[in-house]
Amino acid sequence: MVMKNKAMRCADALVELLEKNGVKFIFGHPGEQILPFYDALRTSKVRHVLMRHEQGAAHAADGYARSSGSMGVCLATAGPGALNLTMGVATAYKDSVPMLVITGDVPRKLRGKNVFQDIDTCRVLEPLTLKTFDAKNPEEAVKGLKTAIKMFENGLTGPIHLNLPKDVLEESVNVSSFEELVNEDIKLSIKLQNEKTMDKYISKAIKSIENSQRPLILAGAGVIWADAVSDLRNFAEKNKIPVATTYPGRGALPEDHILCLGMLGTRGTEASNFAGKNCDILLALGCRLSERTLHGIGKTKIIHVNTDDDVLRGDLKIHGNVSEFLKAVYDFKIQDTGEWISRIMEHSKEYDIQTDQDDVPLKPQRAIKEIINASEDAIMVNDAGTHTTWVTLLKKVKEPGTLLFSGGFGPMGYGVPAAVGAAFANPDKNVVVVVGDGGFQMTLQELATISQHNLKVVICIVNNSSLGIIKQWQKLHYDGLYEVELENPDFLEIARAYRMDSERVDSPGEAFNAVKRGFKEMPYLIEVIVDTEEGIPLPKVIK
Ligand SMILES: Cc1ncc(C[n+]2csc(CCOP(=O)(O)OP(=O)(O)O)c2C)c(N)n1
Ligand SMILES: [Mg+2]
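The paragraphs below set out a description of the structure included in this document. Model, not experiment: these values are computed from the prediction. (Residues numbered from 1 in each chain as written. Chains lettered and ligands numbered in written order. Predicted model: local features only at pLDDT ≥ 70, side-chain atom pairs only at ≥ 80, totals over all residues. Heavy atoms only, no water.)

With respect to the overall build of the protein
- Regarding its fold elements, the protein presents 25 helices and 20 strands.
- Scaling as 2.2 N^0.38, a compact globule of 543 residues should have a C-alpha radius of gyration of about 24 Å, and the protein matches this with 24 Å.
- Judged by the C-alpha coordinates and their principal axes, the protein covers about 65 × 65 × 45 Å.
- Considering only contacts within the protein whose residues lie at least 6 apart along the sequence, 73% involve residues at least 24 apart. (Helix = DSSP H or I, 4+ residues; strand = E, 2+ residues; numbered from the N terminus. Rg over C-alpha atoms; globule rule 2.2 N^0.38 Å. Contact = heavy atoms within 4.5 Å.)

Structure follows, in structure tokens:
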């Protein structure tokens, strides 16, 4: 921790704290009001990655976090810089991704005076974060950062914001009594005030599980954030309890594991949704129980474990982290689940999708299946559109953090910048982005970041010359198409401008080989021309 009785510039104290807490990368973009922080970074071991847009910085921090299980950090200047972060912060907020969001601000005496770039950033970010700390002085800045770090250590996940006026960053701070200050602040923090309910309800939970004949675990990303992946596996295997997952929880148990039923809910597998509709107890671990997930759940008793009280629902609401919960219930005696599992297994864990078409124009599902087959050990990053659904349905996720997507918020333009974060977090792995021609054009400036750092990224643009999913929606529900066809630029010329090798494919069999070639020449861009009229299968009605 910070040395006692030492006066130092606030910006230096903050950067030193980040360094001592293991922060390796910050994804950001500078501006005048945050310059003291950049000056402190200059001589620190924490590495700054210059993104070309602040939205990219937030998505990169998100991709870093989701692919590593550790907090991501993004940084921007006051006003326009801070507001450009919002898309990525909201994305992280909706999926509870641990992210520290640092913004500069105009000097204190100018705030609220409508000077250049003055805006109430904290009020904008407040509904998108677990908490925002607005540093009124250097002590509060350091306290805020320490508290944020403690909140993450306590298992809270989601973005936490620290707002730093320029003059606060430049002032000197005596870092003597921070331990006490931070503790006081944690008590004040609303989220941690909540009484822990783990001890109170654990015996009730155990009794319910022991009485159950048809138990089901629903694993969310909280399992991954709590580092409870092996706890989950041991628990499920020991007691022979089947496991369904949410989308962000995919990979918490390998999807080829015998007990893993795949995703549950609107886009769930038949096996998962059958289990969700027919179980007599659902252990919902580290998930939000969104409306899409609830589609796959029947009338059942729900034991819900989460560190965020705001999302807790179900019959037994247990505030706490999944790892603690699994340890507490590890030794109970469960009834034989053999018959229950056999009944579930009469339903398919696979999606019934044909991908061997030899058609030209190339079917997107065939192209995407080839991309998936060629990138077995890579981290795959999805964007938003029809291609997302194909990846969702066709990819088997075998490890946590290997399929990233923009989830509950679903912004287009997530894929390319999130891949930057994933590549920095996983230098030994390849990263493959699957993105539409529409979404690619929302954040393509990050090709510069990818190219500058020579990242091991292959970008596959699935080009259907349209905002495909919206086009499908218009076909289904409206009389005609309007403003959904794209007149695209030459994507290979764009790659060339960013000094990146590239190729275009348009026939069956070519995408697989192109990705394999791409792995040898990364960074690499592949434009895959696909059928402009092919839509995605609509979700099946779940009985
Ligand atoms: C920032 C943002 N704007 C708009 C949308 C609504 N939207 C979702 S998917 C989509 C079209 C995506 O087109 P493209 O990237 O080409 O993918 P495709 O559906 O063609 O595969 C739109 C407009 C969104 N999710 N995010
Ligand atoms: Mg498209």
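With respect to the nonpolar core
- Grouped together as the largest cluster of nonpolar side chains are 51 residues, with contacts concentrated most on Phe27, Val381, Phe440, Val457, Ile459 and Leu525.
- Broken down by element, this core gets its largest block of residues, 7 residues, from helix H20 (residues 415-425).
- Beyond its immediate chain neighbours, meaning those up to four positions away, isoleucine 459 contacts Val433, Val435, Phe440, Leu447, Ile450, Tyr524, Leu525 and Ile526.
- One finds Ala13, Leu18, Tyr38 and Leu162 within the second-largest nonpolar core, a separate group that totals 38 residues. (Core = buried A, V, L, I, M, F, W, Y, C linked by side-chain atoms within 4.5 Å. Buried < 20%, exposed > 50% of the residue type's maximum accessible area, 1.4 Å probe, protein only.)

Brief notes about the sheet that holds strand E9 (residues 215-219)
- Pairing within the open sheet is parallel, and its 6 strands lie in the order E11-E10-E9-E12-E13-E14. A strand with exactly one partner marks an edge of an open sheet, and here the two such strands are strand E11 (260-263) and strand E14 (316-319). Each neighbouring strand pair of the sheet contributes to a mean axis angle of 20°, computed without reference to strand direction.
- Lying on the sheet, helix H13 (residues 229-239) is in contact with E9, strand E10 (243-245) and strand E12 (281-285); it crosses E9 at an angle near 165°.
- On top of the sheet, helix H14 (residues 270-278) reaches E9, E10 and E11; it is set at about 100° to E11, its chief contact. (Pairing = 2+ DSSP bridges. Axes fitted to C-alpha atoms, helices over the stretch in contact; angles between N-to-C directions.)

With respect to the site of ligand 1
- Around ligand 1 lies a shell of 19 residues, among which Thr386, Asp437, Gly438, Gly439 and Gly468 are the nearest.
- Expressed as a share of its isolated accessible area of 590 Å², the protein-covered part of ligand 1 is 78%.
- For the shell around ligand 1, the leading source of residues is helix H21 (residues 437-443), giving 4 residues.
- A breakdown of the residues in the shell around ligand 1 according to their chemical character gives 8 nonpolar, 10 polar and 1 charged. (Near = heavy atom within 4 Å. Areas by Shrake-Rupley, 256 points an atom, 1.4 Å probe, with all protein chains shown as cover. Nonpolar A, V, L, I, M, F, W, Y, C, P; charged D, E, K, R; others polar.)

Description of unusual backbone geometry
- Residue proline 361 is bonded to the preceding valine 360 through a cis peptide linkage, with omega at 0°.
- The omega angle of the peptide bond from methionine 522 to proline 523 is -5°, so this bond is cis rather than trans.
- Within the fold, proline 523 resides in the loop between helix H25 (510-520) and strand E20 (524-529).
- Within the chain, aspartate 227 stands out as a residue other than glycine whose phi angle is a positive 60°.
- By the secondary structure assignment, aspartate 227 is in the loop between helix H12 (221-225) and H13.

Structural notes on the environment of alanine 275
- Inspection of the secondary structure puts alanine 275 in helix H14.
- Judged by its relative accessible area of 0%, alanine 275 is buried.
- When the C-alpha atoms of alanine 275 and proline 215 are compared, they prove to be 8.6 Å apart, with 60 residues separating the residues in sequence.
- Setting aside its immediate chain neighbours within four residues, alanine 275 contacts Leu216, Leu261, Trp340 and Ile344.

Considerations on the packing of helix H18 (residues 364-374) against H25
- Direction vectors running N to C along H18 and H25 enclose 35°, while the axes themselves pass 8 Å from each other. Here the hand of the crossing between H18 and H25 comes out right-handed. Counted together, Ala367, Glu370, Ile371, Asn373 and Ala374 of H18 and Glu510, Ala511, Phe512, Val515, Lys516 and Phe519 of H25 form the full contact between these two elements.
- Residues that form the contact of H18 with H25 fall into these classes: 7 nonpolar, 1 polar and 3 charged. (Left-handed = near helix turned anticlockwise from the far one by under 90°.)

Regarding the coordination of the magnesium ion (ligand 2)
- Around the magnesium ion (ligand 2), the donor atoms from the protein are Asp437 (OD), Asn464 (OD1) and Ser466 (O), and they sit 2.0 to 2.1 Å away.
- Linear spacing of the donor residues for the magnesium ion (ligand 2) on their chain is D-x26-N-x1-S. Taken as a pair, aspartate 437 in helix H21 and serine 466 in the loop between strand E18 (457-463) and helix H23 (468-477) lie far apart in primary sequence, 29 residues in all. (Donors = N, O, S within 2.8 Å, 3.2 Å for Na, K, Ca; no water.)

Details of the packing of aromatic side chains
- Per the counting criterion, the structure on display carries 8 aromatic pairs.
- Each ring, one from phenylalanine 25 and one from phenylalanine 424, has its centre 5.1 Å from the other, and the planes form 50°; the classification is tilted. Of this pair, phenylalanine 25 sits in strand E2 (residues 25-28) while phenylalanine 424 sits in helix H20; the two residues are 399 residues apart in sequence, bridging distant segments of the chain.
- Each ring, one from phenylalanine 27 and one from phenylalanine 424, has its centre 6.0 Å from the other, and the planes form 65°; the classification is edge-to-face. Highlighted residues: phenylalanine 27 in strand E2 and phenylalanine 424 in helix H20, separated in sequence by 397 residues. As far as burial versus exposure is concerned, phenylalanine 27 and phenylalanine 424 are alike and both buried.
- Through pairs of rings, three or more aromatic residues link up here, namely Phe25, Phe27, Tyr64 and Phe424. (Phe/Tyr/Trp six-rings, centres within 6.5 Å; stacked < 30°, edge-to-face > 60°.)

Description of the sheet that holds strand E4 (residues 72-76)
- Pairing in this open sheet of 6 strands is parallel, and the strands run E3-E2-E4-E5-E7-E6 from one edge to the other. Edge positions in the sheet fall to strand E3 (47-50) and strand E6 (131-134), since each of these pairs with one other strand and no more. Neighbour-to-neighbour, the strand axes of this sheet turn through a mean angle of 20°, independent of strand direction.
- Sheet topology places E2 next to E4; 2 bridges connect them, and they run parallel. Each bridged residue has a counterpart across the sheet, and for phenylalanine 27 the counterpart in E4 is cysteine 74.
- Lying over the sheet, helix H3 (residues 54-68) contacts E2, E4 and strand E5 (99-105), oriented at roughly 170° with respect to E4.
- Of the strands in this sheet, E5, E6 and strand E7 (159-165) are in contact with helix H7 (residues 138-153), which crosses E7 at around 170°.

Remember, this is a structural readout, not a statement about activity or role.
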